[in-house]
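# Reading the structure
Single-letter residue listing:
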Amino acid sequence: MKFTTTTAFLASAMAYFIASNEVSAAPLSPLDVWDPTITSPVTGTVWVIGTEVNVTWSTDNIPPDGVSNGGHVYLAKEEVEVVSLSPTFDLVAANGSFTVTVPAVVPDDDYQIVLFGDSGNIGPSFTIVAPSS
Ligand SMILES: *[C@@H]1O[C@H](CO)[C@@H](O)[C@H](O)[C@H]1NC(C)=O
Ligand SMILES: *[C@@H]1O[C@H](CO)[C@@H](O)[C@H](O)[C@H]1NC(C)=O
């Protein structure tokens with residue numbers, strides 16, 4: 001019985017990985033998944049390479065028992081993670097905001113932020129531009 005449950009969980013976790021293109025998610029716990037909504041960057045946001053910007057998210061629905069995994073911010077392009085933008089940090093203590101430096105990627109309008117808590121969450125596409133000279 002225990003084996004069956006574990007196998008089913010692994011199968012669903014695997015399906016989740018494949019469905020969401022998450023290449024580096026921590027194992028998911030079915031008990032305390034918190035999926036914070038990213039509030040910045042959003043559609044229309046423009047980041048300039050080399051500047052400091054804030055990734056922000058809603059803290060409205062933090063689970064009362066806390067969050068088991070650290071937070072981590074990745075930059076994704078076409079929903080595939082391309083660059084880690086942060087160390088692993090305390091997602092609850094960060095209180096909805098983490099400052100990152102915009103990396104020197106190829107300027108384009110189809111970048112997303114992936115925020116990992118207990119689960120990965122991907123924000124809408126936004127734009128990264130080169131600094132104007
Ligand atoms: C990012 O957040 C910090 C702390 O709240 C604030 O001081 C800073 O001005 C923000 N930076 C931007 C680019 O909004
Ligand atoms: C978290 O952020 C909110 C809104 O920015 C602020 O009102 C609150 O004091 C902050 N809480 C802590 C513990 O820093």
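Just so it is clear, the structure is predicted and the values come from calculations on it, not from any experiment.

To continue, consider the environment of W57. Inspection of the secondary structure puts W57 in strand 3 (residues 52–57). A sequence separation of 40 residues divides W57 from S97, and the C-alpha atoms of the two residues are 6.4 Å apart.

Attention now goes to the pairing of strand 3. Only one face of strand 3 is covered, namely the one carrying V53, V55 and W57; the face carrying E52, N54 and T56 has none of its residues buried. Both strand 1 (residues 38–40) and strand 3 contribute to a ladder of 2 bridges, which runs antiparallel. Each residue of the ladder has a partner; that of I38, found in strand 3, is W57. Across 5 bridges, the pairing between strand 3 and strand 6 (residues 97–101) is antiparallel. Along strand 6, the bridge assignment pairs V53 with V100.

What follows deals with the environment of V92. Mapped onto the elements, V92 comes out in the loop between strand 5 (80–84) and strand 6. Put simply, V92 and T59 are 33 residues apart on the chain and 8.2 Å apart in space, counted from C-alpha to C-alpha.

Turning to the sheet that holds strand 6, a few remarks are in order. Here we have 3 strands laid out as an open sheet, ordered 1-3-6, and antiparallel in their pairing. Looking along the sheet, the strands with just one partner apiece sit at the ends: strand 1 and strand 6. Sheet twist, expressed as the average angle between the axes of neighbouring strands with direction ignored, equals 30°.

Right, let's talk about the pairing of strand 5 for a bit. The pairing of strand 4 (residues 72–77) with strand 5 spans 4 bridges and is classified as antiparallel. Following the sheet pairing, A76 is matched in strand 5 by E81. Between the end of strand 4 and the start of strand 5, which pair antiparallel, lie 2 residues, with E78 showing a positive phi angle near 50°.

Residue P41 follows S40 across a cis peptide bond; omega there is 0°. Here P41 lies in the loop between strand 1 and strand 2 (46–48). Here the phi dihedral of E79 falls at roughly 65°; this positive angle occurs in a residue that is not glycine. Among the structural elements, E79 can be located in the loop between strand 4 and strand 5.

Counting residues in hydrophobic clusters, the biggest one holds 21 residues, and the most contacted among them are W47, W57, L75, F89, I113 and I128. Among the elements of the structure, strand 3, strand 4, strand 6, strand 7 (108–116) and strand 9 (126–129) are those that each provide at least two residues to this core.

This part covers the confidence of the model for the protein chain. This prediction gives the protein chain a mean pLDDT of 79; 68% of its residues lie at or above 70. Throughout residues 1–25 the model reports pLDDT below 50, and contacts reaching past four residues in sequence, or to other chains, amount to 17 contacts.

Attention shifts here to the pattern of salt bridges. Taken as a whole and judged by the stated rule, the model has 2 salt bridges. The salt bridge partner of D108 is K77, with a shortest N-O separation of 2.9 Å. Within this pair, whereas D108 is found in strand 7, its partner K77 is found in strand 4, the two being separated by 31 residues in sequence. Using a relative accessible area of 22% as the deciding quantity, one classes K77 as partly exposed. The salt bridge involving K77 is made with D110; its shortest N-O contact spans 2.9 Å. Taken together, the residues span a long stretch of sequence, with K77 in strand 4 and D110 in strand 7 at a distance of 33 residues. A relative accessible area of 15% places D110 in the buried class. By sharing partners, the salt bridges in this structure join K77, D108 and D110 into a single network.

The rules behind the values
- Residues numbered from 1 in each chain as written.
- Chains lettered and ligands numbered in written order.
- Predicted model: local features only at pLDDT ≥ 70, side-chain atom pairs only at ≥ 80, totals over all residues.
- Heavy atoms only, no water.
- Helix = DSSP H or I, 4+ residues; strand = E, 2+ residues; numbered from the N terminus.
- Buried < 20%, exposed > 50% of the residue type's maximum accessible area, 1.4 Å probe, protein only.
- Pairing = 2+ DSSP bridges.
- Axes fitted to C-alpha atoms, helices over the stretch in contact; angles between N-to-C directions.
- Core = buried A, V, L, I, M, F, W, Y, C linked by side-chain atoms within 4.5 Å.
- pLDDT = per-residue confidence, 0-100.
- Contact = heavy atoms within 4.5 Å.
- Salt bridge = Lys/Arg side-chain N within 4 Å of Asp/Glu carboxyl O.

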